[in-house]
Amino acid sequence: MIDSGLLSAKRAISDTKSAESVARKVSAAKRKKQKENAPPLEKRKSPRLSPDGSASASSGSNYFVPEPEPVPTSEFFHDRLNSGENIDVFSAIALDEGEEEDEDYIRDRAGITDMRDQLVSAAAKSTSTSKSKSANKNNFTSARPVMLNDNVEKLTNQRAYGITTHPTLPVVVIGDKVGSVGLWNSSKSAQNSQTAFFTIAKRPIHSVQFNPTGDKLYMSSTDGTIREWDTNSPSNVLTQVFASYDDHADFKNEPGFGVEKDGKFWTSHSVLNSEANGIYVTSNCGTLINVDFRTASKVVFDVALSTHKLNTLSLHGNGHSVAVGGNEGVAKIFDIRALKKNKKKSVCTPVATYNSTRSINSAMFNCDGSCLAVTSFDDTIVLIDNPATLAGEMKYDSKIAHNNQTGKWLSTFHAVWHPNDSRYFACGSMKQPRCVEVFDRTKKGNAMVVATARGDYLSAVCSRVSFHPILPLLYGANSSGRVTRIDLVCE
């Protein structure tokens, strides 16, 4: 047979494999011998042991738990700015700065002075203006595009929580996440400084509200304090009108003594009463506190309305009905006259309830109390007609699909009514491009949206909105402390 070379090639490959196998075995034997003759290596110490290699005495012989870093303690209760002393409004401009006066400080000081003068002047004219409020009702048909930088102002550096407008002037106020308050006169004809800014707390300002004449501004923080800026006062200070405390003996002489029953207590929303001589405050513990500015005791009643955090409260025009909504997922209506008799022994029984499948962002009466708007995380805004006349479980009369999933970094949506026109309410939107929508409850379906504000300078979600009482203006505040003025078009 003639050899074609295949057999030779096969034998060569077989010999090569045999040689490689022998070489691997010899190499493995050498490594094994070197390992046996090598000195023992120091074992790596487990991170579960203490730094010196021994076991932690506090956690047993197997695990080491490092000592937690000490938590800095505040000099004052709830990390407040002080123990209740008045704060000079000018010193509040730069409470965290500790620097000499600079251009920013001088500008901010001038802004506060100008704003104070404007508020005082407007209050002097408020008597004649208030008589015509009810007659100034407009039919909103659309909103002008937000295309000018003049319609936008950066008021604070952090997320807006509370927002309100002045009764007569085109002035808007917001409170932010870190205890700062910003004011803006959005009038096109405003001269010099149009803004003012100061800090009154280290925690969020959840509510801001003017009295009916607009010369007093009330600001509530989650640290349990409420401060008043009386622009008529010659001392020009921010006065603490209320503060909550626990039942420690050190605070027994304080008006808010014993209000806090849990170390995790904080306030969540507040609303002035109809005479502006007292205020209602809700908490994360589900309690409602009635504070009277005129009495020495301050707290008229302190009752539990829920076992969960209350997000908002709203007062009915009849003077004795209050609506609350919160994380329990139930909007409730109570009679204040019955609450005064409860000694906080148990959760009060509501007159009427509306059940949602998710937590409730807000439950608000319109100005004449003929409708309740409930904004919920179930992506709806529902309207309930004549809520103060209902009892038991309430059913909605209108339901609007509305994306309320604002997420972690945005403040939640609140559907807010016009202060003097019971037809209209407004709410921010997650739609693209970003917008703010105005609804007319007398219409049905898609026709309910009567105005949509959008434009180049409305580029972020406006989580909190507020109508002006007598001017065709709507303000939206976003989570960077920027406020947008929206001009509404009327018939």
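Everything discussed here concerns the structure shown above.
Residues numbered from 1 in each chain as written. Predicted model: local features only at pLDDT ≥ 70, side-chain atom pairs only at ≥ 80, totals over all residues. Heavy atoms only, no water.

Draft legend 1. Quick look at the environment of Leu169. On the secondary structure map, Leu169 appears in the loop between β4 (160-165) and β5 (171-176). Here the alpha-carbon distance between Leu169 and Pro469, two residues 300 residues apart in the chain, equals 9.5 Å. Excluding residues that lie within four positions of it along the chain, Leu169 makes contacts with Gln118, Leu119, Ala122 and His468. (Helix = DSSP H or I, 4+ residues; strand = E, 2+ residues; numbered from the N terminus. Contact = heavy atoms within 4.5 Å.)

Draft legend 2. Representation of the side chain of Ser398 within the structure. Relative to the assigned elements, Ser398 resides in strand β24 (residues 398-401). Given a relative accessible area of 12%, Ser398 falls into the buried group. Setting aside residues up to four positions removed in sequence, Ser398 forms contacts with Ile381, Val382, Leu383, Lys444 and Met448. (Buried < 20%, exposed > 50% of the residue type's maximum accessible area, 1.4 Å probe, protein only.)

Draft legend 3. Molecular detail of the sheet that holds strand β9 (residues 216-221). Ordered in space as β1-β11-β10-β9-β8, the five strands form an open sheet in which the pairing is antiparallel. Of all strands in the sheet, those with a lone pairing partner are β1 (87-88) and β8 (205-210), marking the two edges. (Pairing = 2+ DSSP bridges.)

Draft legend 4. Up close: the pairing of strand β20 (residues 360-365). By the criterion of burial, β20 is predominantly enclosed, with six of the six residues buried. For β20 and strand β21 (residues 371-376), the ladder comprises five bridges, and the chain directions are antiparallel. In the strand pairing of β21, Ala363 is matched with Val374. As consecutive antiparallel partners, β20 and β21 are separated by five residues, and within that stretch Gly369 has a phi angle of approximately 75 degrees, a positive value.

Draft legend 5. Quick look at the sheet that holds strand β6 (residues 180-185). Reading across the sheet, the four strands line up as β4-β5-β6-β7 and stay open at both edges, with antiparallel pairing between neighbours. Every other strand in the sheet has two partners, leaving β4 and β7 (195-199) as the edge strands with one partner each. Taken pair by pair, the neighbouring strands of this sheet meet at an average axis angle of 15 degrees, ignoring direction. Packing against the sheet, helix α2 (residues 103-124) makes contact with β5, β6 and β7, and its axis sits at approximately 110 degrees to β7. (Axes fitted to C-alpha atoms, helices over the stretch in contact; angles between N-to-C directions.)

Draft legend 6. Molecular detail of the packing of aromatic side chains. The final tally for this structure, using the stated rule, is 11 aromatic pairs. Summarising the aromatic geometry, the rings of Tyr218 and Phe293 are spaced 5.4 Å apart at their centres and angled 10 degrees between planes, so their arrangement reads as stacked. In this pair, Tyr218 sits in strand β9 while Phe293 sits in the loop between β14 (287-292) and β15 (299-304), placing the two residues 75 residues apart along the sequence. Judged on exposure class, the residue Tyr218 and its partner Phe293 are both buried. Among the aromatic residues, ring-to-ring pairing joins Phe77, Tyr245 and Phe251 into one connected group. Just above the ring of Tyr245 sits the side chain of Arg80; from NZ or CZ to the centre is 4.9 Å. Arg109 extends its terminal NZ or CZ atom over the ring of Phe90, reaching a point 3.9 Å from the ring centre. (Phe/Tyr/Trp six-rings, centres within 6.5 Å; stacked < 30°, edge-to-face > 60°. Lys NZ or Arg CZ within 6 Å of the ring centre and 35° of its normal.)

Draft legend 7. Looking closely at the pattern of salt bridges. Evaluated as defined, the whole model comprises 11 salt bridges. A salt bridge links Glu328 to Lys332, with the shortest nitrogen-to-oxygen separation between them at 3.0 Å. Its relative accessible area of 33% is what places Glu328 among the partly exposed residues. Close ionic contact of Arg441 with Asp385 constitutes a salt bridge, the shortest N to O distance being 3.6 Å. One end of the pair, Arg441, is in the loop between β27 (436-440) and β28 (449-453); the other, Asp385, is in strand β22 (residues 380-385), and 56 residues separate them in sequence. Residue classification places Asp385 among the partly exposed positions, given a relative accessible area of 30%. (Salt bridge = Lys/Arg side-chain N within 4 Å of Asp/Glu carboxyl O.)

Draft legend 8. Geometry of the environment of Glu260. Its location among the elements puts Glu260 in the loop between β11 (237-243) and β12 (267-272). Separated by 25 residues in the primary sequence, Glu260 and Cys285 place their C-alpha atoms 9.1 Å from one another.

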